[in-house]
Amino acid sequence: MRLNTLHPHLVKFLLVSAIAFFIGAMHGMLQVIPSVRAWLDSIGSPYGGPGHMIDPLAHAHINLVGGLVTLAMGTTYYLLPIFSGKAVYSLRLVDHSFWWTSVGVFYFYSTQMVFGIWEGSLLLSDPQAIQHVHRYYGPIVASSGIIMATGFFVYLANVVLSLTSKTRDSLQ
Ligand code: HEM
Ligand code: HEM
């Protein structure tokens, strides 16, 4: 595969990584503002209550999966032909790994934020109501996790298929 065919597919990985790092950094700075910190502590952050969903879960995953994993995927697809001399197996799988992982991580982040704020507010106003909200959390967060995991799986498959295929990169 010619590099100028592959490269345009990789730009979006860098863009999503930059956006996720920006959101993660803003999130990190917000959660140390004393009034926000006090509210998060009052709803159980970092462990033991709904605050756990906002800090550390939402913060950690938008930075680590949104920022770092997408960056790692994009750079792996760039470096793999250079290091191995093998062409990237499938551009369609490159795009699939991108979309499943990106949609999954923003969905996961939104889920943690919405349920964290919602259940956190209920904890302070009407704790009995939390059970009615929390029953939706499991299926929703599971679906976001499955979407992210699909992206990770497609990525692994594409890397392994690239390394085991006989197609050499045309520029090597
Ligand atoms: C301006 C940028 C950032 C700020 C202000 C910030 C702030 C924070 C704070 C205050 C905590 C601790 C929360 C607590 O203990 O309750 C935290 C936790 C964490 N941060 Fe950040 N952060 C930033 C960027 C990042 C980045 C870029 C990453 C990863 C690439 C990251 C990964 C994590 C993780 C994994 C935790 C959870 C650690 C644990 O399990 O307790 N953060 N961050
Ligand atoms: C399919 C992908 C993933 C899913 C569905 C997922 C889901 C989760 C869930 C549900 C937890 C919370 C466990 C608990 O209740 O305490 C967790 C914790 C954590 N995950 Fe992930 N995760 C994924 C990928 C990753 C990756 C790739 C990283 C790092 C690069 C990561 C870093 C972390 C960290 C640091 C924590 C602990 C946060 C803390 O409690 O301090 N996760 N993850």
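What you see is a predicted model; the values in this text were computed from it and never measured.

So, how was this worked out
Residues numbered from 1 in each chain as written. Chains lettered and ligands numbered in written order. Predicted model: local features only at pLDDT ≥ 70, side-chain atom pairs only at ≥ 80, totals over all residues. Near = placed C-beta within 6 Å. Helix = DSSP H or I, 4+ residues; strand = E, 2+ residues; numbered from the N terminus. Nonpolar A, V, L, I, M, F, W, Y, C, P; charged D, E, K, R; others polar. Expected span 1.5 Å × (residues − 1). Bend = angle between axes of the 7 residues up to and from the residue. Buried ≥ 20, exposed ≤ 12 C-beta atoms within 10 Å, placed from the backbone. Contact = placed C-beta atoms within 7 Å. Axes fitted to C-alpha atoms, helices over the stretch in contact; angles between N-to-C directions. Parallel < 35°, antiparallel > 145°, perpendicular 65-115°, else oblique. Left-handed = near helix turned anticlockwise from the far one by under 90°.

Participant: Before we go on, may I ask you to explain the site of ligand 2 in this structure?
Facilitator: Taken together, P56, L57, A60, H61, L64, V65, L68, V69, G145, M148, A149 and F152 are the residues near ligand 2. Of all the secondary-structure elements, those providing two or more residues to the shell around ligand 2 are α3 (51-84) and α5 (130-164). Broken down by element, the residue count for the shell around ligand 2 peaks at eight residues, all from α3. Here the shell around ligand 2 is built from residues that sort into ten nonpolar, two polar and no charged.

Participant: Mind showing me how you'd approach α5 here?
Facilitator: In an α-helix, one turn spans 3.6 residues; hence positions three or four apart end up facing the same way. Over its 35 residues, α5 extends 50 Å from the first C-alpha to the last, a length consistent with the 51 Å expected when each residue adds 1.5 Å. By the largest-angle criterion, Y137 marks the main kink of α5, which is about 25°, and a proline, P139, follows within four residues. Three or more residues of α5 are buried, namely S144, M148, G151, V154, Y155, N158, V159 and S162. In this structure, the buried side of α5 is in contact with α3 and α4 (91-125).

Participant: Even after reading the chapter, I still don't get the packing of α4 against α5, so can you show me in this structure?
Facilitator: Each pair of packed helices can be described by the angle between their axes along with the distance between the axes. Between α4 and α5, whose axes approach to 8 Å, the crossing angle comes to 160°. Classified by the interaxial angle, the pair formed by α4 and α5 is roughly antiparallel. Crossing hand, α4 versus α5: left-handed. Along the lines of polarity and charge, the residues of the contact of α4 with α5 split into 22 nonpolar, eleven polar and one charged.

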